Amino acid sequence: MAVKGVFATDQGVQATRIPDFVSGLIQVHPTGSAQMLALSAGLQRHAAKDTTITWFERTHDTGRVLVINNATTGTTFTVSAAHATSIIANQIYLVESTGEYILVSSISGVTVTVQRGIGPVGATTIDGSSTPVGIQLIGNAHEEGSAKPTSVAHLGAPVYNFTQIFRNAWDHTGTAKAVQWHTGDQVAQNKADAGVYHSEAIERQLMWGVRTHGINNGQPWRTFNGLQAQLTTNVTSQTINGGDTRWADVNSWLQGIYEKNIKGKPNERVFFCGNGVMSVLNDIARLEGVMNLEPGTAEFGLQVKRWITPFGDMSLVTHPLFTESPHFTKDLVAWHPAAAKIRWLRATHNDNYDRDGSRAGVDADYGVVTSELSFEYDGEATGGYFSGINTAAAT
């Protein structure tokens, strides 16, 4: 089900399930501090079946190959080992530096035999011995009555994460319960506070957590990798230009993020940041002389702003957990709604122990809020993390 004004991914999913802790966050605490957890109510729900979850990361093959030998005008190329497995006979490649088209005749290991100059440009010297020469796959061509071509399989690399148990307690003595309070029902307030702390603990782990496991009090103990730990491709820190952030820096970062998309989903991103980053982005827009940062909608209490870029619209959301921290207020994170999956092994539930003193005779009401979940981010190249955005400068 999309979240109106924030993202459109999964807009066909019907919101028919009974409201749970996550959907309650976006309904009852719309301006709260667990915005990623709350926004997950707008995505399809995914269950975990074990304390370890596994998925496969498979990137699209661009068809670009590097020639690393001095082929001169000959018919034998040596290519990089990383690209050799995707080359088969009858593929047509364009030599990027010369405009020559070549046809693959056969391949053995990293040695490729080709026909040169099959297009208007004749065989031209290719020397990749010092600087590799790029050739780009254009297509393939087969003769009439040809045999079955060799099939190519692209296997994904396995990625895993652990589930993590979150617990937050609440309690209220019998005396405190009997006292009249101007602020209303204190039991309900204590429960609500425990829920807020619980959601914040999950949110921080979703954003900045790291994966580990061990034994604690004689029992298994696990944590999961959050978004920042799973992002590896589009990760940068503002350490150039004297620490100033320029439009060229943001533009280069965004280009990498929007180059990849989740198949069958809108090429959209949600960006979380603190007030520090929002201020710098406003300053960049002012210094560049074009006001690209525009007020957006306020849906479910989330103040969304739009930055119109050459690659796509940025849905900017000021995140309280970024703003309240002097460390994270300079950071900007981008994530694709179709890539993020919160995997629940045990849904959030509240255990009421000794309710009204009816079990063990304890003169108090108390309980514990418990959740067990993990986080999966498919296609990490669709996200990005930009840290250290401190001051703005003109390009």
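This text follows the structure it describes.
Residues numbered from 1 in each chain as written. Predicted model: local features only at pLDDT ≥ 70, side-chain atom pairs only at ≥ 80, totals over all residues. Heavy atoms only, no water.

Looking at the environment of Trp221
Then step 1. Along the chain, the position of Trp221 falls in strand β14 (residues 219-223).
Then step 2. The class for Trp221 is partly exposed, based on a relative accessible area of 40%.
Then step 3. Note: C-alpha distance between Trp221 and Thr163 (58 residues apart in sequence) is 9.4 Å.
Then step 4. The contact partners of Trp221, leaving out residues within four places of it in the chain, are Thr212, His213, Gly214 and Asn216. (Helix = DSSP H or I, 4+ residues; strand = E, 2+ residues; numbered from the N terminus. Buried < 20%, exposed > 50% of the residue type's maximum accessible area, 1.4 Å probe, protein only. Contact = heavy atoms within 4.5 Å.)

Describing the nonpolar core
Then step 1. Of all hydrophobic cores here, the largest spans 29 residues; its most connected members are Leu227, Phe272, Trp335 and Phe375.
Then step 2. Secondary structure elements with two or more residues in this core: α2 (35-39), α5 (186-208), β17 (269-273), α9 (320-323), β21 (332-335), β22 (340-353) and β23 (364-377).
Then step 3. A total of 4 residues in this core trace back to one element, the largest contributor, which is α5.
Then step 4. Counting residues in each nonpolar core, the second largest holds 20 residues, with Trp253, Phe271, Trp307 and Phe386 among its members. (Core = buried A, V, L, I, M, F, W, Y, C linked by side-chain atoms within 4.5 Å.)

Section: the pattern of salt bridges
Then step 1. One pass over the full model with this rule turns up 9 salt bridges.
Then step 2. The salt bridge involving Arg64 is made with Glu96; its shortest N-O contact spans 2.7 Å. Highlighted residues: Arg64 in strand β3 (residues 64-67) and Glu96 in the loop between β6 (91-95) and β7 (101-108), separated in sequence by 32 residues.
Then step 3. Taking relative accessible area as the criterion, Arg64 reaches 37% and is therefore assigned partly exposed.
Then step 4. The class for Glu96 is partly exposed, based on a relative accessible area of 39%.
Then step 5. As a salt-bridge pair, Arg204 and Glu200 come within 3.8 Å of each other at their nearest N and O atoms. Residue Arg204 and its partner Glu200 are both found in helix α5; the two are separated by 4 residues, about one turn of the helix.
Then step 6. Judged by relative accessible area, Glu200 falls into the buried class, the value being 15%.
Then step 7. Among the charged side chains, a salt-bridge network with shared partners connects Glu200, Arg204 and Glu324. (Salt bridge = Lys/Arg side-chain N within 4 Å of Asp/Glu carboxyl O.)

Digging into the sheet that holds strand β10 (residues 133-140)
Then step 1. Read across the open sheet, the 6 strands follow the order β3-β10-β6-β7-β8-β5; overall the sheet is antiparallel. The open sheet has two free edges, formed respectively by β3 and β5 (76-78), since each of these has just one partner strand. Each strand axis lies, on average, 40° off the axis of its neighbour in the sheet, ignoring direction.
Then step 2. Taken together, the 5 bridges between β6 and β10 define a ladder with antiparallel strand orientation. Bridge assignment links Ile92 to a residue of β10, and that residue is Gly139. (Pairing = 2+ DSSP bridges. Axes fitted to C-alpha atoms, helices over the stretch in contact; angles between N-to-C directions.)

Remarks on the packing of aromatic side chains
Then step 1. Evaluation of the coordinates by the stated rule reveals 8 aromatic pairs.
Then step 2. Look at Trp253 and Phe271: their rings are 6.1 Å apart centre to centre, the planes differ by 65°, and that puts the pair in the edge-to-face class. Of the two residues, Trp253 sits in helix α7 (residues 247-258) while Phe271 sits in strand β17, which places them 18 residues apart along the sequence. For the residue pair Trp253 and Phe271, the accessibility class agrees, reading buried in each case.
Then step 3. For the pair Trp253 and Phe386, a centre-to-centre distance of 5.5 Å together with 75° between the ring planes defines the contact as edge-to-face. Within this pair, whereas Trp253 is found in helix α7, its partner Phe386 is found in strand β24 (residues 384-387), the two being separated by 133 residues in sequence. The burial state of Trp253 is the same as that of Phe386; both residues are buried. (Phe/Tyr/Trp six-rings, centres within 6.5 Å; stacked < 30°, edge-to-face > 60°.)

Topic: α7
Structurally, the α-helix is built with 3.6 residues per turn, so residues lying three or four positions apart point the same way.
Then step 1. Helix length check: α7 (12 residues) gives 16 Å between terminal C-alpha atoms against 16 Å at 1.5 Å per residue, within 8%.
Then step 2. When you tally the buried positions in α7, you get 9 out of 12 residues, the bulk of the element. (Expected span 1.5 Å × (residues − 1).)

Let's talk about the side chain of His198
Then step 1. Its location among the elements puts His198 in helix α5.
Then step 2. With a relative accessible area of 0%, His198 lands in the buried category.
Then step 3. At 2.8 Å, the side chain of His198 forms a polar contact with the side chain of Asn168. (Polar contact = N/O pair within 3.5 Å; in protein donor to acceptor, adjacent residues only side chain to side chain.)

Brief notes about unusual backbone geometry
Then step 1. Of note, the phi angle at Asn90 is positive, near 75°, even though the residue is not glycine.
Then step 2. Along the polypeptide, Asn90 turns up in the loop between α3 (81-84) and β6.
Then step 3. In this structure, Asn217 is a non-glycine residue whose phi angle is positive, near 55°.
Then step 4. Along the chain, Asn217 turns up in the loop between β13 (212-216) and β14.

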